[in-house]
Amino acid sequence: MSTYLYQEHRQFFAQHAGGAEEAAAAELKELGAHSIQQGHLGYYFKADPEILYRIVYMTRISTRVLAPLIHFDCHSSNYLYKTAQQIDWTDFLTLTKTFAITANTADSQLRNSNYAAQILKDAIVDQFRETYGERPNVNTRFPDLQLNLYVHKNRARISVDLGGGSLHKRGYRTERVAAPMQENVAATILRLSEWDGNQPLFDPFCGSGTLLIEAAMKQTHLPAARFRSKFGFLRLPDFDPTLWNQIKTDANRAVISLPEYQISGSDIDATAIQAATTHLAMLPDGKNIHLQTQDFRSIESLNHHCIITNPPYGIRMETPQQTALLLKEFGDFLKQKCTGSTAFVYFGEPTLSKKLGLKPDQKWPLRTGGLEGILCRYPLY
Ligand SMILES: C[S@@+](CC[C@H](N)C(=O)[O-])C[C@H]1O[C@@H](n2cnc3c(N)ncnc32)[C@H](O)[C@@H]1O
């Protein structure tokens, strides 16, 4: 067995969404990572296996955690193929295991990410074919081994994706709704809000319940990857199953209960509330989160609350005029009916924050699924 890059340096890379830099670094530190250094949309960090398993199991903010195998200059597809063949892929795969590749190329001779992924795939399957006459299959949905190829300025890095796919897929989202918020973005918003459970939390546009669920998971210390069944680190040649079981058992035992009425939400759309109810049922104390189908205009008051929400931003049926009017009315609601509360409002489109008619005392740009969104904080007196 060769020595791979991550084994030499015990260095890994955690990716995050644009705007989540501060939250991601703070969380990595909290989980025990050290020597944290900023890279492009992510952090290099060092960790021993115990901390590493913990980070993959617990991170709410990072979207991927990668273990680099090899790093090399790469000016052509031919060179990518040859170098990838130097890895002994039987260290990670057998004929009965499946794999998939995510690739990103930027400012490089190899321009096309899909083509680069194809070359890496060919290098792997050809190596197996030469030895065994057969090859492992690709499974893009539930692979046993998820690889990541990153080529930037003609430097390539091949890594194992330790979560086995993007970590924003927690496993609780079973129902489809329009415009749901990405789980790791919701977790970042919660972290930025510094909500600590002292004031009740309410989301008046809760949709499928992402903010409520992430708040409950955080509050009860439920590991973010509790519902995931596959992890990429299981395929590492030095994977330690006893240590992993210990980490998982300890983390699951640390879960605490959620008091009733600490977290609640509502939405005008009964289908969205149905989806949120189904998602919440996955959580140990999901029944303690109160949901209601209602227009925010019919909420009597939300005094002394932490309001965290993501109002519509016009990508469903609403016209820009309807969205502007709704936001103005929501701004009035916050001013008139939410004394002593703090509102954190995430706008999928930054200019929409102006429609609320309130001045935020803090703003955080936060990108999600191609949207240049913004989180604004409003202290309400
Ligand atoms: C951007 S989505 C929220 C998505 C949510 N964060 C999630 O993760 O699923 C906005 C939500 O506002 C709801 N909505 C629109 N008008 C409303 C109103 N007048 N009162 C309450 N909810 C409303 C929509 O039904 C939709 O679910």
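Cut-offs used in this document
- Residues numbered from 1 in each chain as written.
- Predicted model: local features only at pLDDT ≥ 70, side-chain atom pairs only at ≥ 80, totals over all residues.
- Heavy atoms only, no water.
- Helix = DSSP H or I, 4+ residues; strand = E, 2+ residues; numbered from the N terminus.
- Rg over C-alpha atoms; globule rule 2.2 N^0.38 Å.
- Buried < 20%, exposed > 50% of the residue type's maximum accessible area, 1.4 Å probe, protein only.
- Contact = heavy atoms within 4.5 Å.
- Areas by Shrake-Rupley, 256 points an atom, 1.4 Å probe, with all protein chains shown as cover.
- Near = heavy atom within 4 Å.
- Polar contact = N/O pair within 3.5 Å; in protein donor to acceptor, adjacent residues only side chain to side chain.
- Nonpolar A, V, L, I, M, F, W, Y, C, P; charged D, E, K, R; others polar.
- Core = buried A, V, L, I, M, F, W, Y, C linked by side-chain atoms within 4.5 Å.
- Domains from an automatic or database assignment.
- Buried area = accessible area lost by both parts, 1.4 Å probe.
- Salt bridge = Lys/Arg side-chain N within 4 Å of Asp/Glu carboxyl O.
- Phe/Tyr/Trp six-rings, centres within 6.5 Å; stacked < 30°, edge-to-face > 60°.
- Expected span 1.5 Å × (residues − 1).

Caption draft 1: Main features of the overall build of the protein. Counting its regular elements, the protein contains 10 helices and 14 strands. In terms of overall dimensions, the protein is globule-like: its C-alpha atoms have a radius of gyration of 23 Å, near the 21 Å expected for 381 residues. Overall size of the protein, expressed as C-alpha extent along the three principal axes, is 70 × 45 × 40 Å. Here the protein holds 381 residues, and 52% of them are scored as buried. Across the protein, every contact between residues at least 6 apart in sequence was considered, and the portion connecting residues at least 24 apart equals 77%. When the accessible surface of the protein is split by element, carbon and sulfur atoms take 48% of a total near 17,400 Å².

Caption draft 2: Up close: the site of the ligand. Taken together, 22 residues sit near the ligand, with Met181, Ser208, Thr210, Asp267 and Phe296 positioned nearest. One of the backbone N or O atoms of Ile268 is found 3.2 Å from a nitrogen atom in the ligand. Here a nitrogen atom of the ligand sits 3.0 Å away from a polar atom, N or O, in the main chain of Phe296. Summarising the interface, the protein chains cover 95% of the accessible area of the ligand, which totals 600 Å² for the free molecule. Of the residues that constitute the shell around the ligand, the class distribution is 12 nonpolar, five polar and five charged.

Caption draft 3: The nonpolar core, seen in detail. Grouped together as the largest cluster of nonpolar side chains are 95 residues, with contacts concentrated most on Phe45, Leu69, Trp89, Ile158 and Leu162. Ranked by residue count, the leading element in this core is helix α5 (residues 113–132), at eight residues. In terms of domain composition, this core takes at least three residues from each of domain 1 (5–161) and domain 2 (183–220 + 256–379). Membership of the second largest hydrophobic core comes to 22 residues, among which are Phe202, Ala343, Phe347 and Cys376.

Caption draft 4: Molecular detail of the environment of Thr323. Here Thr323 is to be found in helix α10 (residues 320–337). Classification of Thr323 by relative accessible area gives buried; the value is 4%. Along the chain, Thr323 and Glu8 lie 315 residues apart, while their C-alpha atoms are 54 Å from each other.

Caption draft 5: Structural context of the domain arrangement of the protein. Each assigned domain of the protein is listed with its residue range as follows: domain 1 (5–161) and domain 2 (183–220 + 256–379). Placing the centre of domain 1 and that of domain 2 at their C-alpha centroids yields a distance of 35 Å. A combined buried area of about 930 Å² lies between domain 1 and domain 2, and 54% of that area is made up of carbon and sulfur atoms. Taken together, the connections running from domain 1 to domain 2 amount to one salt bridge. Arg191 is paired through a salt bridge with Glu30; the nearest N and O atoms lie 2.6 Å apart. One can count three residue pairs in polar contact (both at pLDDT 80 or more) joining domain 1 with domain 2.

Caption draft 6: Summary view of the packing of aromatic side chains. By the definition in use, this model includes 22 aromatic pairs. On the numbers, 5.3 Å between centres and 50° between planes, the contact of Phe205 with Phe296 is tilted. With a gap of 91 residues between them, Phe205 in the loop between β8 (201–203) and α7 (210–219) and Phe296 in the loop between β10 (290–293) and β11 (306–309) connect regions that are remote in the sequence. Like Phe205, the residue Phe296 is buried in the burial classification. The structure contains a cluster of three or more aromatic residues connected by ring pairs, namely Tyr53, Tyr57, Phe231, Phe233, Phe239 and Trp244.

Caption draft 7: Spotlight on α5. If you check α5, its first and last C-alpha atoms are 29 Å apart, about what 20 residues at 1.5 Å a residue would give, namely 28 Å. If you check which residues of α5 are buried, you get Ser113, Ala116, Ala117, Ile119, Leu120, Lys121, Ala123, Ile124, Val125, Gln127 and Phe128. Backbone nitrogen of Asn114 and a side-chain oxygen of the N-cap are separated by 2.9 Å at the start of α5; the cap is Asn112. Looking one or two places after α5, you find Gly133, whose phi comes out positive at around 75°.

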